[in-house]
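The chain contents come next:
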Amino acid sequence: MQLSGKVALVTGAAQGLGKGCAEAILERGAKVALLDTNESAGQETAADFALKYGADRCTFILCDVTAKDQLEGAFQKVVDHFGGLDLVVNNAGILNEVQWEKCIDVNLVSVVRGCHLGLRYMGKQNGGNGGLIINMSSVAGLYAFPSPVYATTKAGVVGLTRSLGMDYKLGRDCVRVNALCPSFTTTAILADPEVPEDQYQHMKDMLERGGGLMQIPDVVKGLAKLLDEDDKNGAVLEVTVQGMKYHGDESGPWDRESGTHQPNLCIA
Ligand SMILES: NC(=O)c1ccc[n+]([C@@H]2O[C@H](COP(=O)([O-])OP(=O)(O)OC[C@H]3O[C@@H](n4cnc5c(N)ncnc54)[C@H](O)[C@@H]3O)[C@@H](O)[C@H]2O)c1
Ligand SMILES: CCCCC[C@H](O)CC\C=C/C=C/C=C/[C@@H](O)[C@@H](O)CCCC(=O)O
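Within an unreviewed UniProt entry, the label attached to the protein reads 15-hydroxyprostaglandin dehydrogenase [NAD(+)], and the organism entered is Branchiostoma belcheri. Of the protein, the UniProt comment under Sequence similarities (unreviewed entry) reads exactly: "Belongs to the short-chain dehydrogenases/reductases (SDR) family."

Following this line, the structure appears as structure tokens:
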């Protein structure tokens, strides 16, 4: 996707992977709205980006993605402020197996809503120009992971992405929907996950066996790949220290016999 002059909305963009994604999008010439509940970090990030990329290209919007009215209001503000919307990155997420309903609300319910809003504002059948949605899942959405509710939310995001990325939907909306699945990356989410001790110990073990931590730029390379590969729709990209690979291109039972699996084609 060519981003010069385009408009992007990134949730959970005050810090961490959301901030890294937002900066990569700014570097490619787009304007970016940063949504987050962390007002001080969000304002600081926006001020930093304004200095580097221009005050007219970045804005912070205080928004709890789990509050339906706030998320809807934030999308409307972005369109009012920048005059359109071309790219949505549904990134905000937490790991909390204690307050597990909250984990589902932030990581899955809000991503469903963010996709619906993205389609509402970018979908051609609604008067939009088409666009791209990138959902932040995780390797935990692809393989067994010691925190089951977190893993469920991330697997949900994978299913949502694949199904919204079906060709018949693209034909109507011209909005591609893809997902990024990183492994452990150095951000604040690792610092204090609210999980039982056994889950924590098992994660430490997985981290060691998996080859260690990635850094934010490693994951941003995955975002860049999804931005560059305009033929990808419903795609799920795993990003680990071992490299990047797409998941789930197998034919379903409806295509298996003929062996004529149709890859999703981009017409946006
Ligand atoms: N760091 C990793 O190892 C890793 C790996 C795979 C996937 N992820 C996913 O990447 C995403 C970003 O996480 P991160 O690692 O950058 O962590 P992070 O904690 O640094 O950033 C998460 C951001 O989301 C914001 N946020 C949390 N709840 C919110 C809400 N209700 N409304 C709006 N904003 C909210 C936080 O304030 C924070 O700025 C998450 O979805 C996470 O699950 C992280
Ligand atoms: C294999 C799947 C990886 C998925 C990663 C998840 O999406 C995000 C994980 C979120 C929190 C995990 C916390 C883990 C903590 C411990 O492993 C701890 O040892 C991390 C230490 C970090 C460090 O050394 O700086």
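Read on for the rest.
**Some thoughts on the site of ligand 1**
For ligand 1, the set of nearby residues contains 29 residues, the closest of which are Leu17, Asp36, Asn91, Tyr150 and Thr187. In the model, a nitrogen atom of ligand 1 is placed 3.0 Å from a nitrogen or oxygen of the Val65 main chain. In isolation ligand 1 offers 830 Å² of accessible surface; the protein chains occlude 92% of this area. Counting only elements with at least two residues in the shell around ligand 1, the list comes to helix 1 (16-27) and helix 5 (148-164). Grouping the constituent residues of the shell around ligand 1 by class yields 14 nonpolar, twelve polar and three charged.

**Quick look at the pairing of strand 1 (residues 7-11)**
Among the five residues that make up strand 1, five are buried, leaving the element largely enclosed by the rest of the structure. Neither face of strand 1 is open: one carries Val7, Leu9 and Thr11, the other Ala8 and Val10, and all of them are buried. Note that strand 1 and strand 2 (residues 31-36) share five bridges and pair parallel. Looking across to strand 2, one finds that Thr11 is bridged to Leu35. The parallel pair strand 1 and strand 2, bridged by helix 1, forms a crossover whose chirality is right-handed. Judged from the three bridges that link them, strand 1 and strand 4 (residues 87-90) form a sheet pairing that is parallel. Considered in strand 4, the bridge of Ala8 is made with Leu87.

**A look at the site of ligand 2**
Neighbouring residues of ligand 2: 17 residues in total, closest Leu95, Ser138, Tyr150, Met203 and Lys204. One of the side-chain nitrogen or oxygen atoms of Ser138 is found 2.6 Å away from an oxygen atom of ligand 2. Here an oxygen atom of ligand 2 sits 2.5 Å away from a polar atom, N or O, in the side chain of Tyr150. Contact with the protein chains removes 80% of the 660 Å² of surface that ligand 2 exposes when unbound. For the shell around ligand 2, the leading source of residues is helix 7 (residues 197-209), giving five residues.

**Notes on the side chain of His247**
Secondary-structure assignment places His247 in strand 8 (residues 243-247). Exposure remark for His247: the relative accessible area of 17% places this residue in the buried category. A polar side-chain atom of His247 sits 2.5 Å from a polar atom in the side chain of Glu238. Beyond its immediate sequence surroundings of up to four residues, His247 is in contact with Leu142, Tyr143, Arg162, Val236 and Glu238.

**Let's talk about the nonpolar core**
The nonpolar side chains of a soluble globular protein tend to be buried, and buried together. Core analysis: the largest hydrophobic core is formed by 33 residues, its most contacted members being Ile25, Val32, Leu34, Leu87, Leu180 and Leu223. Here the element with the most residues in this core is helix 1; it accounts for six residues. With residues up to four places along the chain from it excluded, the contact list for Ile25 reads Leu3, Ala8, Val10, Ala30, Val32, Leu87, Val89 and Leu223. The next biggest cluster of nonpolar side chains, apart from the first, holds 29 residues, and it includes Leu9, Ile61, Cys115 and Met122.

**Comments concerning unusual backbone geometry**
A positive phi is found at Cys174, a non-glycine position, where the angle reads about 60 degrees. Looking at the secondary structure, you find Cys174 in the loop between helix 6 (167-173) and strand 6 (175-182). For Cys174, a relative accessible area of 7% puts it in the buried group.

**What to know about helix 5**
Taking 1.5 Å of rise per residue, the 17 residues of helix 5 would be expected to cover 24 Å, and the 24 Å separating its terminal C-alpha atoms lies within 8% of that figure. Along helix 5, the residues classified as buried are Val149, Tyr150, Ala151, Thr153, Lys154, Val157, Val158, Leu160, Thr161 and Leu164. Residues of helix 5 that are buried sit in contact with helix 4 (100-122), strand 5 (131-136), helix 6, strand 6 and strand 7 (236-240).

**Some details on the pattern of salt bridges**
A full pass over the atoms with the stated rule returns nine salt bridges. Asp205 serves as the salt-bridge partner of Arg209, at 3.1 Å between the closest nitrogen and oxygen. Linking Arg209 with Asp205, this pair stays in helix 7, spanning four residues, or about one helical turn. Note on Arg209: relative accessible area 59%, which makes it exposed. By relative accessible area, which is 33% here, Asp205 ends up partly exposed.

So, how was this worked out
Residues numbered from 1 in each chain as written. Chains lettered and ligands numbered in written order. Predicted model: local features only at pLDDT ≥ 70, side-chain atom pairs only at ≥ 80, totals over all residues. Heavy atoms only, no water. UniProt positions renumbered as here; feature names shortened; annotations may be inferred. Near = heavy atom within 4 Å. Polar contact = N/O pair within 3.5 Å; in protein donor to acceptor, adjacent residues only side chain to side chain. Areas by Shrake-Rupley, 256 points an atom, 1.4 Å probe, with all protein chains shown as cover. Helix = DSSP H or I, 4+ residues; strand = E, 2+ residues; numbered from the N terminus. Nonpolar A, V, L, I, M, F, W, Y, C, P; charged D, E, K, R; others polar. Buried < 20%, exposed > 50% of the residue type's maximum accessible area, 1.4 Å probe, protein only. Pairing = 2+ DSSP bridges. Right-handed = clockwise from strand over helix to strand, strands pointing away. Contact = heavy atoms within 4.5 Å. Core = buried A, V, L, I, M, F, W, Y, C linked by side-chain atoms within 4.5 Å. Expected span 1.5 Å × (residues − 1). Salt bridge = Lys/Arg side-chain N within 4 Å of Asp/Glu carboxyl O.

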